[in-house]
There are 2 protein chains.
Amino acid sequence: MSGSLSIIGLGPGDIEMRTPQASATLAMATDLIGYGPYLDRVETGPEVIRHASDNREELDRARHALALAQSGRHVAVVSSGDAGVFAMAGAVFEAIEHGDPIWRELDVQVVPGISAVFAVAARIGAPLGHDFCVMSLSDNLKPWPVITTRLAAAASAGFVIALYNPQSKARPWQLGAAFALLRNILPPSTPVVFATAATRPEERIDITTIESADPARADMRTLVLIGSPDTRVITRPDAPPYIYAPRRSAA
Amino acid sequence: MSGSLSIIGLGPGDIEMRTPQASATLAMATDLIGYGPYLDRVETGPEVIRHASDNREELDRARHALALAQSGRHVAVVSSGDAGVFAMAGAVFEAIEHGDPIWRELDVQVVPGISAVFAVAARIGAPLGHDFCVMSLSDNLKPWPVITTRLAAAASAGFVIALYNPQSKARPWQLGAAFALLRNILPPSTPVVFATAATRPEERIDITTIESADPARADMRTLVLIGSPDTRVITRPDAPPYIYAPRRSAA
């Protein structure tokens, strides 16, 4: 059993944000596994086998990767951003826990990447300069009341909130409900940032307030960042404002 | 005014985790500013001026960097990990907000890095696979009751919690108080991870439970990760366990 499995975060899109560790690990792979559009971001020689799949069935994909590694292949499972944040690393370890005990002895490595939340933060200033939380708004894998409890707890306690998976065709009302809940907790002027395809050529970043935030602005590729009462906005002449969290919190 | 200011995250220590964007930006700097041990991690030609300082006086350092950029220099302010997470980016924007209005027109760029929390997560499995929060346990810049409110809110709502700045000589009791608070909320077997100097040669990672967590294990360089009731531990023969968050949350 001399195969291996690497779970690799490609970063947010701009290849200059992909770490040398990720690139070196990709270069040693015999097999690439992942969502098709992520695989398209990786250049390889023709001898590398690409196993593209759609963005569901993560657990099947994880089991496939483990079986290939068990058979002696050097497998790279790729995710956008960081592989550990609402991405493939969790699915792989879930498959290991419930799968063939021999999988616990495989050579498994997680290679971190720049997650979307840090790429977006860097584009607008320093909104994560004090305590923050990162949530998936998808209720595919957890009950909606768990999500509302977490949103209310985080906002009430003064965390900045980053929302992954804010909206999809199958989940059209959840972001609006989240904004409605947060309007009861946060000051109306609290900054809200919609960032789509951050660091890519088609990047679009819009800065608004919780009072004015329109859920229709978000899609599957959007990260939504919600400030805290401490969050500051610095206006600039002829340029978008900076958003940042002061280091000192008085709340 | 043709100077520039870049605020750069160097990543967690292993140079293979520093992004090409960070390396390219460092290569264009005429001046480096930062905490001495971080500057020591950057190789430059002899023509680059290094302004090392201790780890306090962040705001003075930020003003110095802005003044140099205003004078036409190409300044790189370096932080370990990600510059936006309890690091120099917040201080720079705070200085901009309260400083010379001309600073708002400077060419300022934030270059993200792999933050310690992602480096540690990758070393132990996928503990951030569902909702998590990131906090500084330092009460230098916020009142202690704000910290306890946030800890209780996050743990009660089921977030995994990553603690930066858990302990220092000047703050000897806070981590113990945090553990005591969390023991009233979390199951005794909830995993706790102490990770010191992750990805560096002197790396030390210890996995325990909230019931047994000893605050004396932490120092300034330690990241403390506290699981949620959903967090799973996968034991392995002759190897440390994996820690991960299942994608599905029933709580």
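Residues numbered from 1 in each chain as written. Chains lettered and ligands numbered in written order. Predicted model: local features only at pLDDT ≥ 70, side-chain atom pairs only at ≥ 80, totals over all residues. Heavy atoms only, no water.

Chemist: Break down the sheet that holds strand β6 (residues 125-126) of chain A for me, with residues and values.
Modeler: In any sheet, the strands associate via hydrogen bonds between backbone groups, in a parallel or an antiparallel arrangement. With respect to topology, 3 strands assemble into an open sheet ordered β6-β13-β12 (chain A), the strand pairing being mixed. If you trace the sheet from one side to the other, it starts and ends with β6 and β12 (232-236) of chain A, each paired once. Where β12 of chain A meets strand β13 (residues 239-244) of chain A, 4 bridges bridge the pair, whose relative direction is antiparallel. Bridge pairing in β13 of chain A places Arg236 of chain A opposite Ala239 of chain A. This element, helix α4 (residues 88-98) of chain B, spans β6, β12 and β13 of chain A of the sheet and lies at about 120 degrees to β13 of chain A. (Pairing = 2+ DSSP bridges. Helix = DSSP H or I, 4+ residues; strand = E, 2+ residues; numbered from the N terminus. Contact = heavy atoms within 4.5 Å. Axes fitted to C-alpha atoms, helices over the stretch in contact; angles between N-to-C directions.)

Chemist: Outline the relation of the copies chain A and chain B, listing residues and values.
Modeler: Once turned by 180 degrees and shifted 0.0 Å along the axis, chain A lies on chain B with an RMSD of 0.0 Å. Both chain copies can therefore be described as sitting about a two-fold axis. In terms of C-alpha distance to the rotation axis, chain A has Cys133 of chain A as its closest residue, with the C-alpha 1.9 Å off the axis. When you check the interface residues of chain A against chain B, 100% turn up at the interface there too, and the contact is symmetric in its surfaces. (Least-squares fit on C-alpha atoms with pLDDT ≥ 70 in both.)

Chemist: Account for unusual backbone geometry, naming residues and giving values.
Modeler: All names here are of chain A. Positive phi is not limited to glycine here, since Ala197 has a value of about 55 degrees. Residue position: Ala197 is located in the loop between β9 (191-196) and β10 (204-209). For Ala197, a relative accessible area of 4% translates into the label buried. Phi at Asp238 takes a positive value of approximately 60 degrees, unusual for a residue other than glycine. Relative to the assigned elements, Asp238 resides in the loop between β12 and β13. (Buried < 20%, exposed > 50% of the residue type's maximum accessible area, 1.4 Å probe, protein only.)

Chemist: Would you mind going over the pattern of salt bridges in detail, with residue names and values included?
Modeler: One pass over the full model with this rule turns up 22 salt bridges over all chains. Among the salt bridges present, the one from Asp206 of chain A reaches Arg217 of chain A, with a minimum N-O distance of 2.3 Å. Here Asp206 of chain A, found in strand β10, pairs with Arg217 of chain A, found in the loop between β10 and β11 (222-226); they are 11 residues apart in sequence, far enough to count as distant. A cluster of three or more residues bridged by salt bridges with shared partners is formed by Glu58 and Glu94 of chain A together with Arg247 of chain B. (Salt bridge = Lys/Arg side-chain N within 4 Å of Asp/Glu carboxyl O.)

Chemist: Report on the interface of chain A and chain B, specifying residues and quantitative values.
Modeler: Taken together, the contact between chain A and chain B spans 70 residues of the former and 70 residues of the latter. For the chain A face of the interface with chain B, the top three residues by lost area are Leu141, Arg150 and Arg247 of chain A, together amounting to 13%. Counting the contacts that link chain A with chain B gives 10 salt bridges. Of the charged contacts, one joins Asp131 of chain B and Arg150 of chain A as a salt bridge, the two residues approaching to 2.8 Å between their closest N and O atoms. Our count for the contact surface shared by chain A and chain B stands at 26 residue pairs in polar contact (both at pLDDT 80 or more). Among the residues making up the side of chain A that touches chain B, the classes are represented as 38 nonpolar, 16 polar and 16 charged. Pairing geometry for strand β7 (residues 132-136) of chain A and strand β7 (residues 132-136) of chain B, over 3 bridges, is antiparallel. Looking at β7 of chain B, one finds that Val134 of chain A is bridged to Phe132 of chain B. (Buried area = accessible area lost by both parts, 1.4 Å probe. Polar contact = N/O pair within 3.5 Å; in protein donor to acceptor, adjacent residues only side chain to side chain. Nonpolar A, V, L, I, M, F, W, Y, C, P; charged D, E, K, R; others polar.)

Chemist: Before we move on, can you summarise the sheet that holds strand β8 (residues 160-164) of chain B with the specific residues and values?
Modeler: Pairing within the open sheet is mixed, and its 10 strands lie in the order β10(A)-β9(A)-β11(A)-β8(A)-β7(A)-β7(B)-β8(B)-β11(B)-β9(B)-β10(B). Edge positions in the sheet fall to β10 of chain A together with β10 (204-209) of chain B, since each of these pairs with one other strand and no more. Here the strands of the sheet are splayed against their neighbours by 15 degrees on average, with no regard to which way each runs. Two strands pair when backbone bridges link them, and strand β9 (residues 191-196) of chain B and β10 of chain B are joined in this way by 6 bridges, in the antiparallel orientation. In the strand pairing of β10 of chain B, Phe194 of chain B is matched with Asp206 of chain B. Helix-sheet contacts for helix α6 (residues 144-157) of chain B involve β7 and β8 of chain B, and the interaxial angle to β7 of chain B is about 165 degrees. Against the sheet, helix α7 (residues 174-183) of chain B contacts β8, β9 and β11 (222-226) of chain B, and its axis sits at roughly 5 degrees relative to β11 of chain B.

Chemist: So what about the environment of Glu57 of chain A? Which residues, and what values?
Modeler: For Glu57 of chain A, the location among the structural elements is in the loop between β3 (49-53) and α3 (58-70). For the pair Glu57 of chain A and Ala91 of chain A, spaced 34 residues apart in the sequence, the C-alpha separation amounts to 9.5 Å.

Chemist: Tell me about the packing of helix α6 (residues 144-157) of chain A against α6 of chain B, and name the residues and values.
Modeler: Their axes nearest at 9 Å, the elements α6 of chain A and α6 of chain B cross at an angle of 175 degrees. If you check the angle between α6 of chain A and α6 of chain B, you find them roughly antiparallel. Contact residues: Thr149, Arg150, Ala153 and Ala157 of chain A in α6 of chain A; Thr149, Arg150, Ala153 and Ala157 of chain B in α6 of chain B. (Parallel < 35°, antiparallel > 145°, perpendicular 65-115°, else oblique.)

Chemist: Mind laying out the packing of aromatic side chains, listing which residues take part and the relevant values?
Modeler: Enumeration according to the criterion identifies 13 aromatic pairs over all chains in this entry. With centroids separated by 5.2 Å and ring planes inclined at 85 degrees, the aromatic side chains of Phe118 of chain A and Phe118 of chain B adopt a geometry described as edge-to-face. Taken together, the positions of Phe118 of chain A in helix α5 (residues 116-124) and Phe118 of chain B in helix α5 (residues 116-124) put the pair across two chains. With respect to burial, Phe118 of chain A and Phe118 of chain B carry one shared label: buried. The structure contains a cluster of three or more aromatic residues connected by ring pairs, namely Phe118 and Phe132 of chain A together with Phe118 and Phe132 of chain B. Positioned over the ring face of Phe159 of chain B is Arg150 of chain A, at 6.0 Å from the centre of the ring. (Phe/Tyr/Trp six-rings, centres within 6.5 Å; stacked < 30°, edge-to-face > 60°. Lys NZ or Arg CZ within 6 Å of the ring centre and 35° of its normal.)

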